[in-house]
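What the coordinates show
One-letter residues, chain by chain:
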Amino acid sequence: MSRSPLQRKRGLFQMSFFLLFLLAPPLDIFRLDLHLGHFILFGQDWTLGLGTGELSAAEMTLNVILRGFLPLALVAGTVLLVAWRWGRLYCGWLCPHFSMIEVINRLMQKASGKPSLWETAAVDPTQPDGSRLSTSSSYWLPTVLLIISFAFIWALTLLTYLLPPFEIYHNLLTASLTPNQWRFLLVATFLLSIEFTFARHFFCRYACAVGVFQSHAWMANSKAMVVNFDRQRAAACLDCNKACDNVCPMRLKPRNIKRKMFACTECAQCISACSQVQAPKNQPSLLKWTSGQDAEEISETLLGKRKKTPIKAPDCSPCPGSETTPKSSAGGMA
């Protein structure tokens, strides 16, 4: 399947951030050194200075605020602010875990016809651009090998965030890892292999704190950017094979209401797929990003709200042909 310009751009963002994820420890951009007992940030020791015994209580308090609380609040606040306005952009455009999900989904679909083991039925192999995805059980071996490789790379990288990276790489290449280092790598690789194989979507939806908090921030803003389905042109979906549903890495249904798209990562694969389906008809995508007032109208169903239809005052005028005769005064005779 050919990738749209938007998806190629997103792929570059994902690849760049994944390289940053791998190289941050050896380049001393960011890591926690358990030997030293503090963080390393851009090559500098990042400590609270509490163990020196040379600071007063006021200075230690100030250090905790400026070097501890403030940086964490700044990073967390920035992530939540971005999510509040644009959704889970970090997840869909940067997160190294999410990029693994997409690669494994693709290979698993080639192996079994389904992007996830928990799908009830095989996905239509017809791609949005009209090509067909070939499936074969021979893809299972490379799929399993790739999952284990990804799990080991993740485990090794996580270890370099905790211990001096070059010590870990040297010990690995010379087969001189310590017993604890071996245990960490083996256990982490095993657990990550299980997660990548069986629960990668569920982890992003329910277990990843970064993702869940972003989703809550996004849901709190009814004007936040959201994928909008043009219901006025819904008939154009009749000859489609649910291409937008098929390509969603999180296994969501993009034409649904916002509260049922809680875990949407704004990856825009559904938008790109619909654009490719509609291109031969010279029609625009039925799905697009929307924000502001338009997004607020789409989100009216978020909490069970509906736009109220003004109630007209009852018409008290008599119906045609139903003239009424005034009552006569008391005791009066016609």
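Presented here is an overview of the structure given in this document. Because the structure is predicted, anything quoted here is derived from the model rather than measured.

Turning to the overall build of the protein, a few remarks are in order. Assigned secondary structure in the protein consists of 11 helices and five strands. For the protein, the residues scored as buried account for 39% of the 334 residues in total. When contacts within the protein are restricted to residue pairs at least 6 apart in sequence, long-range pairs at least 24 apart make up 71% of them.

A positive phi is found at Lys 242, a non-glycine position, where the angle reads about 60°. Following the sequence through the fold, Lys 242 ends up in the loop between strand S4 (226-229) and helix H9 (243-247). Phi angles above zero are rare outside glycine, and Ala 268 is one such case at about 65°. Examined against the element boundaries, Ala 268 turns out to sit in the loop between H9 and helix H10 (269-278). Accessibility expressed as a relative area gives 3% for Ala 268, which makes it buried.

The next thing to look at is the nonpolar core. If you look at the biggest cluster of nonpolar residues, it comprises 21 residues, and the most contacted ones within it are Met 100, Ile 104, Trp 154, Leu 185, Leu 192 and Phe 196. Sorting the residues of this core by element identifies helix H1 (5-23), helix H4 (96-112), helix H5 (140-160) and helix H7 (179-207) as the ones contributing at least two each. Looking at this core, the element that brings in the most residues is H5, giving seven residues. With residues near it in sequence (within four places) discarded, Ile 104 still touches Ile 147, Phe 150, Phe 196 and Arg 200.

It is worth spelling out H4 at this point. Taking 1.5 Å per residue as the helical rise, H4 with its 17 residues ought to reach 24 Å, and the 24 Å between its terminal C-alpha atoms agrees with that figure. Counting buried positions over the 17 residues of H4 gives 13, a clear majority of the element. At the C-terminal side of H4, Gly 113 shows a positive phi close to 85°.

Mapped onto the secondary structure, Thr 189 falls in helix H7. Setting aside residues no more than four positions away along its own chain, Thr 189 makes contact with Ile 148, Ala 151, Phe 152 and Ala 155.

Throughout the structure, instances matching the rule amount to eight aromatic pairs. Each ring, one from Phe 13 and one from Trp 93, has its centre 5.8 Å from the other, and the planes form 75°; the classification is edge-to-face. Taken together, the positions of Phe 13 in helix H1 and Trp 93 in helix H3 (residues 89-93) put the pair 80 residues apart, joining distant regions of the chain. On the accessibility criterion, Phe 13 (42% relative accessible area) is partly exposed. For Trp 93, a relative accessible area of 12% corresponds to the buried category. Pairing Phe 30 with Phe 39 gives two aromatic rings, centres 5.6 Å apart and planes at 20°, and the pair type is stacked. By relative accessible area, which is 35% here, Phe 39 ends up partly exposed. Put simply, the rings of Phe 18, Phe 21, Trp 154, Tyr 161 and Phe 196 touch in pairs and so form one group of aromatic residues.

What counts and what doesn't
- Residues numbered from 1 in each chain as written.
- Predicted model: local features only at pLDDT ≥ 70, side-chain atom pairs only at ≥ 80, totals over all residues.
- Heavy atoms only, no water.
- Helix = DSSP H or I, 4+ residues; strand = E, 2+ residues; numbered from the N terminus.
- Buried < 20%, exposed > 50% of the residue type's maximum accessible area, 1.4 Å probe, protein only.
- Contact = heavy atoms within 4.5 Å.
- Core = buried A, V, L, I, M, F, W, Y, C linked by side-chain atoms within 4.5 Å.
- Expected span 1.5 Å × (residues − 1).
- Phe/Tyr/Trp six-rings, centres within 6.5 Å; stacked < 30°, edge-to-face > 60°.

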